[in-house]
Amino acid sequence: GDTLYAADLDSLVIIDIAAARVIGKVHVPGATFLNDAVSDPAGNVYISDTRQGKVFRYRGGRISLVWGMPQMKGANGLLWWKDELWILTSDGIYSYREGPGAKPVLFSDAVKNGDGIAAVNDSELVCSRWAGEIYYVHADGSGRKLLDTQQQHSNTADIGYLPDKKLVIVPTFNGNTVAAYRLVP
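Right, let's walk through the structure included here. Model, not experiment: these values are computed from the prediction.

Here we look at the overall build of the protein chain
Now for step 1: Of regular secondary structure, the protein chain possesses zero helices and 18 strands.
Now for step 2: Relative to the 2.2 N^0.38 estimate, which gives 16 Å for 185 residues, the radius of gyration of the protein chain is 16 Å and therefore close to what a compact globule would have.
Now for step 3: In terms of overall dimensions, the protein chain has a C-alpha envelope of 40 × 40 × 30 Å along the principal axes.
Now for step 4: Within the protein chain, contacts between residues separated by at least 24 positions form 32% of all contacts whose residues are at least 6 apart in sequence.
Now for step 5: Total accessible area computed for the protein chain in this model is approximately 9500 Å², and 50% of it derives from carbon and sulfur atoms.

Written out as structure tokens, the structure is:
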């Protein structure tokens, strides 16, 4: 769309892309370290709070708590994929499909303390850990390390994936660069 949503510690920032300006800021009550934001096809925006271990939703101008529980500890990277919200936490990757009695389900514990999450195809993921690691997560939940830049102190923050080019895009944060790596699963 024409709108970019960004997490800013305790608020969701709404940005008009074409005008390149902030058009709104929505305070998230109780938030202390909002980290990631993702939207679904219906226009809902989900925001993770890493310190609180919670996920919030912005819908119709209002903020509500989607989920907060021990499993959401360190809730960080978010992805809307296969009609579900995927959440990268301290304990692994959870999927959550809304509905009566719905709870997040652990998909994989291959990537703990993760930061970024992106879909590679309709069954596999690529995830980053802040320390400087990138993992490939298979459909069965198993994972393998693809990259380790810890020795270079090149932290891997949130990531993106360009499927047509098979490129993993990695902002290095402290390195003040963006790196691209060709994915060869």
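Overview of the pattern of salt bridges
Now for step 1: Scanning the model with the defined rule gives six salt bridges in all.
Now for step 2: Of the charged contacts in the structure, one is a salt bridge between K25 and D8, with a shortest N-O distance of 3.3 Å. Taken as a pair, K25 in strand β3 (residues 21–27) and D8 in strand β1 (residues 3–8) lie far apart in primary sequence, 17 residues in all.
Now for step 3: Judged by relative accessible area, K25 falls into the exposed class, the value being 54%.
Now for step 4: Classification of D8 as partly exposed rests on a relative accessible area of 33%.
Now for step 5: Here D148 ties to K145 by a salt bridge, and the two come within 3.4 Å at their closest N and O atoms.

Notes on the sheet that holds strand β17 (residues 167–171)
Now for step 1: The three strands are arranged β16-β17-β18 in an open sheet whose pairing can be described as antiparallel. In this open sheet, the two strands that pair with only one neighbour each are β16 (160–162) and β18 (178–182). Sheet twist, expressed as the mean angle between neighbouring strand axes with direction ignored, is 25°.
Now for step 2: Bridge count for β16 against β17 is three bridges, and the pairing is antiparallel. Looking at the pairing, Y161 lines up with V168 of β17.

Some thoughts on the sheet that holds strand β6 (residues 54–59)
Now for step 1: Sheet architecture is open: four strands sit in the order β4-β5-β6-β7, paired in antiparallel fashion. Each edge of the open sheet carries a strand with a single partner, namely β4 (34–39) and β7 (62–68). For this sheet the average axis-to-axis angle between neighbouring strands, irrespective of direction, equals 25°.
Now for step 2: The sheet contact formed by strand β5 (residues 45–49) and β6 spans five bridges and is antiparallel. When the sheet's bridge partners are listed, V45 is paired in β6 with Y58.

Some thoughts on the pairing of strand β15 (residues 143–148)
Within a regular beta strand, the side chains point alternately toward one face of the sheet and then the other, so they alternate between its two faces.
Now for step 1: Judged from the five bridges that link them, strand β14 (residues 133–137) and β15 form a sheet pairing that is antiparallel. If you follow V137 over to β15, its bridge partner there is G143.
Now for step 2: The loop that links β14 with its antiparallel partner β15 comprises five residues; one of these, G141, has a positive phi angle of about 90°.

Brief notes about the pairing of β17
Now for step 1: Where β16 folds back onto β17 in an antiparallel hairpin, the turn is made up of four residues, including K166, whose phi is positive at roughly 55°.
Now for step 2: In the sheet, β17 pairs with β18 via five bridges, with the strands oriented antiparallel. The residue bridging P171 from the neighbouring strand is V178, located in β18.
Now for step 3: Taken together, β17 and the strand that follows it, β18, pair antiparallel across an intervening segment of six residues, in which F173 is found at a positive phi of about 60°.

Details of the side chain of T149
Now for step 1: Counting through the fold element by element, T149 comes out in the loop between β15 and β16.
Now for step 2: Residue classification places T149 among the buried residues on the basis of a relative accessible area of 8%.
Now for step 3: Here the side chain of T149 touches S154 through a polar contact of 2.6 Å, landing on its backbone oxygen.

What to know about the packing of aromatic side chains
Now for step 1: In this structure the tally under the stated criterion is five aromatic pairs.
Now for step 2: Between W67 and Y96 the ring centres are 5.6 Å apart and the planes differ by 45°, which places this aromatic pair in the tilted class. Of this pair, W67 sits in strand β7 while Y96 sits in strand β10 (residues 93–96), and the two are 29 residues apart along the sequence.
Now for step 3: Judged by its relative accessible area of 8%, Y96 is buried.
Now for step 4: Looking at K82, its charged tip hangs above the ring of W81, at a distance of 4.4 Å from the centre.

Cut-offs used in this document
- Residues numbered from 1 in each chain as written.
- Predicted model: local features only at pLDDT ≥ 70, side-chain atom pairs only at ≥ 80, totals over all residues.
- Heavy atoms only, no water.
- Helix = DSSP H or I, 4+ residues; strand = E, 2+ residues; numbered from the N terminus.
- Rg over C-alpha atoms; globule rule 2.2 N^0.38 Å.
- Contact = heavy atoms within 4.5 Å.
- Areas by Shrake-Rupley, 256 points an atom, 1.4 Å probe, with all protein chains shown as cover.
- Salt bridge = Lys/Arg side-chain N within 4 Å of Asp/Glu carboxyl O.
- Buried < 20%, exposed > 50% of the residue type's maximum accessible area, 1.4 Å probe, protein only.
- Pairing = 2+ DSSP bridges.
- Axes fitted to C-alpha atoms, helices over the stretch in contact; angles between N-to-C directions.
- Polar contact = N/O pair within 3.5 Å; in protein donor to acceptor, adjacent residues only side chain to side chain.
- Phe/Tyr/Trp six-rings, centres within 6.5 Å; stacked < 30°, edge-to-face > 60°.
- Lys NZ or Arg CZ within 6 Å of the ring centre and 35° of its normal.

This is a description of form; function is not addressed.
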